[in-house]
Structure formats: C-alpha cells, structure tokens
Amino acid sequence: MKHPIFTGSAAAIVTPFHQDGVNLDALGDLLDFQLENGTDAIVVCGTTGEASTMTYQERAEAIAFCARHVGGRVPVIAGTGSNSTENAVTLSREAERRGADGLLVVTPYYNKASQAGLIRHYQTIAASVSLPIILYNVPSRTGVSIAPETYAALAELPNIIGVKEASGNLGNVQRTRALCPSDFFIWSGNDDETVPICALGGKGVISVAANVLPAEMHRLTQLCLQNDFAAAGELQVRLKDFCDAMFCEVNPIPVKTALKLLGWKVGELRSPMCPPSPENLARIKAVLAKYGLPVT
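Nothing here was measured: the structure is a model prediction, and the numbers come from that model.

Right, let's talk about the pattern of salt bridges for a bit. Counting across every chain of the model gives nine salt bridges. Linking Glu94 and Arg98 is a salt bridge whose minimum nitrogen-to-oxygen distance equals 2.7 Å. Residue Arg98 is classed as partly exposed on the basis of its relative accessible area, which comes to 25%. In this structure, Lys240 engages Asp192 in a salt bridge whose closest nitrogen and oxygen atoms are separated by 2.8 Å. On the criterion of sequence distance, the pair formed by Lys240 in helix H10 (residues 229-245) and Asp192 in the loop between strand S9 (185-188) and helix H8 (194-199) is long-range, its members being 48 residues apart. Within this structure, Glu94, Arg97 and Arg98 form a network of salt bridges that share partners.

Before going further, it helps to spend a moment on the nonpolar core. The biggest cluster of nonpolar side chains holds 78 residues, and the ones touching the most others in it are Val44, Ile133, Leu135, Val212, Phe242 and Leu288. Top contributing element to this core by residue count: H10, with six residues. Excluding residues within four positions of it along the chain, Phe242 makes contact with Ala209, Val212, Leu213, Val287, Leu288, Tyr291 and Leu293. Core analysis: the next-biggest nonpolar cluster, separate from the first, contains 17 residues, Val43, Leu104, Tyr136 and Phe185 among them.

Looking now at the packing of aromatic side chains. Tallied over the entire structure, the rule returns five aromatic pairs. Seen in terms of ring centroids, Phe6 and Trp187 are 5.2 Å apart; in terms of plane orientation they differ by 20 degrees. Their pairing is stacked. A residue pair is termed long-range when its members are at least 10 positions apart, and Phe6 in the segment before strand S1 (8-12) and Trp187 in strand S9 qualify at 181 residues. A relative accessible area of 4% means that Phe6 is categorised as buried. Both rings, one in Tyr151 and one in Phe184, keep their centres 5.6 Å apart while their planes meet at 40 degrees; by these two values the pair is tilted. Taken together, the residues Tyr151 in helix H6 (residues 148-154) and Phe184 in the loop between helix H7 (170-179) and S9 connect sequence positions 33 residues apart. Each member of the pair, Tyr151 together with Phe184, is buried.

Right, let's get into the pairing of strand S6 (residues 102-106). By the criterion of burial, S6 is predominantly enclosed, with five of the five residues buried. Burial along S6 is two-sided: the face carrying Gly102, Leu104 and Val106 and the face carrying Leu103 and Val105 are both buried. Bridge count between strand S5 (residues 76-79) and S6: three bridges; the pairing is parallel. Residue pairing across strands places Ala78 opposite Leu103, the latter belonging to S6. Handedness of the crossover joining S5 and S6 through helix H3 (residues 85-97) is recorded here as right-handed.

Next up on the list: H10. Taking 1.5 Å per residue as the helical rise, H10 with its 17 residues ought to reach 24 Å, and the 24 Å between its terminal C-alpha atoms agrees with that figure. Buried within H10 we find Ala232, Leu235, Gln236, Leu239, Phe242, Cys243 and Ala245. Considering only its buried residues, H10 is in contact with H8, helix H9 (214-225), helix H11 (253-261) and helix H12 (278-290).

Here is what the cut-offs are and how they apply
Along each chain, residue indices are assigned from 1 in the same order as the chain's sequence is written. Only residues with pLDDT of 70 or above have their local features reported here, since the model is predicted, and side-chain atom pairs are shown and tallied only from 80 upward, although totals for entire chains, interfaces and linings are computed over all residues. To get the side-chain values, take all heavy atoms of the structure and skip hydrogens and water. Put simply, a salt bridge is a Lys or Arg side-chain nitrogen that is within 4 Å of an Asp or Glu carboxyl oxygen. Accessible area is worked out with a 1.4 Å probe on protein chains only. A residue is then buried under 20% of its type maximum, exposed over 50%, and partly exposed in between. The helix and strand labels rest on DSSP assignments: H or I over at least four residues marks a helix, E over at least two residues marks a strand, and numbering proceeds from the N terminus. By nonpolar core is meant a set of buried Ala, Val, Leu, Ile, Met, Phe, Trp, Tyr and Cys residues that side-chain atoms within 4.5 Å join together. The contact criterion used throughout is that any non-hydrogen atoms of two residues lie within 4.5 Å. Any Phe, Tyr or Trp ring, taking Trp's six-membered ring, that has another such ring centre within 6.5 Å forms a pair; planes under 30 degrees apart are called stacked, those over 60 apart edge-to-face, and the others tilted. Note on pairing: two strands pair once DSSP finds at least 2 bridges between them. With strands facing away from the observer, any crossover in which the path from the first strand over the helix to the second runs clockwise is taken as right-handed. What a helix should span is 1.5 Å times the count of its residues minus one.

Purely geometric stuff here, so don't read any function into it on its own.
Right, dumping it as structure tokens:
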C-alpha cells in the first residue's frame, strides 16, 4: 500500500536570484515563512521556481539547501522534469542524492509525446530512483496531457504515487479516480480548484498562492481533509480574487512580483520572463491591499 508523501498545502516555492545565481539566504527566509505558517510540504525547482531557466548546478544547489534547511520538518519535493528522458533521470538521481524526499516530474514539454511515450518516459525515471514520484500534468504549458488510462498504467509502478493535476479538466480527474487504485493520489495543481479536487478524493494542493498566503492555503486544505466542504467552499470563494490575480500573467510573474512588493528579496525574473504590464502591476497591488497585505 502506497502512502501520500504529504496531505494539505505544498508551496511551489519561488527561487530568489541575485547576480551570482540562487540567493540561498533569501530562500532560507522564504522557507522559514512557510514553515511558520503551516505549509505541509515544499516543492522546489518547479514551474514557479523558474527551474527551466536554472542550470543543473543551480537546481542541485537549491534542492540540497532546501533539504538541509527544512531538516525533515516537512517533505521537500524536487522538480526534476525535462523534455529529455535522459536529463530527467540525471536530475532525479541528483535530487535523490541531494536529500529530496520526493520528486515532481512534469510531462516532457515541446516533444508532445504519445501516451505510449509518456509511459516509457516515466517507467525509465521510476526505475532510476527509489524516491516517491508525483506526476505533473499541465498541458497548457507542455502541449501534452496524461490520459486517465495512462495514469492507471503508471499507478502499477511502486514508486509512482500520484499526480499534480493542473489540466483544469475535472471530468478527467473523475475518470482517473474511477480507473486508478485508491493509493494513486491526486493533488490539485490549480489553487482555485483545490476544493473540487479534494471533494473528488484529492489530498490537497501544490500551490502558487501559498507563497504569499501559506496559512490560508493550509487552512483551506485542512477544511477539505476534515470533510468540512461548506466552510472550505466559502474560503475558496474568498480566495478567488487573489488566486486569479496570481495568474493575471504567466506564472511566476505575478507571484514573484507580489513577493517583491511585500519586501521579500526574491530578485529579478529570469528572461524570457519579464515584469508585468502596468495594468497587471496595478491589479497585483490592488489585490494585496484587498487582502490586507502591506506593500513596502
């Protein structure tokens, strides 16, 4: 019987940069903020962490630092996906060596693999490490979606434990739940779908909004896990404007901008990411004010 690596809210943490690479001091401050506010797991080097613009060495350094700094208080899950199976294997092995508790592995982008190709890709990665693996389905960014039938095939592998579902397709989530065993776990990959996915048996969320509102996202998932969906639904609705604002431009532009406005030393976005438009900057400032967050 498999077990979920975490239940609740995992922060898909941003990566602070300075001129020499990853700003580890600032990353430590962000991790402390998350741990002090109830976050249940840390996801490092994911989409929100701008992993696609980081070197292998930077990714390895960030993963190792998070593992050391968190020190087992919550699981540290490393993003190790790549459009190349060989590269994903290398990254996954390195993350295991550097102390990660689990892996988040996105579908290979740009190549648009077939479902058979996805199965082979994940089988190869799973065979290369012993860590639990969470698949990551985000077709809006990768150009390919994992079919429920493919989840069912991959669920047979002992260290593939579930999926971060960011497809926005709740019908497929239902079909996945119907086709897969009970120990293939689903986490929401979209903050504003946390409650409906948890109502379908999900175990929580891998969250962008938690970078700024960790306590609120933790509370939201706890209400779901306690089956208090009336209260969870009310909180989800209250958080909707904030969640929408964090995606007014491509992630992580809005959330990193919000953190910078709040005084966190997150550095600049890496090209080709760029600052938000004046209109969206005003929207981000307005939503921070609405939620009582003081802009410095």
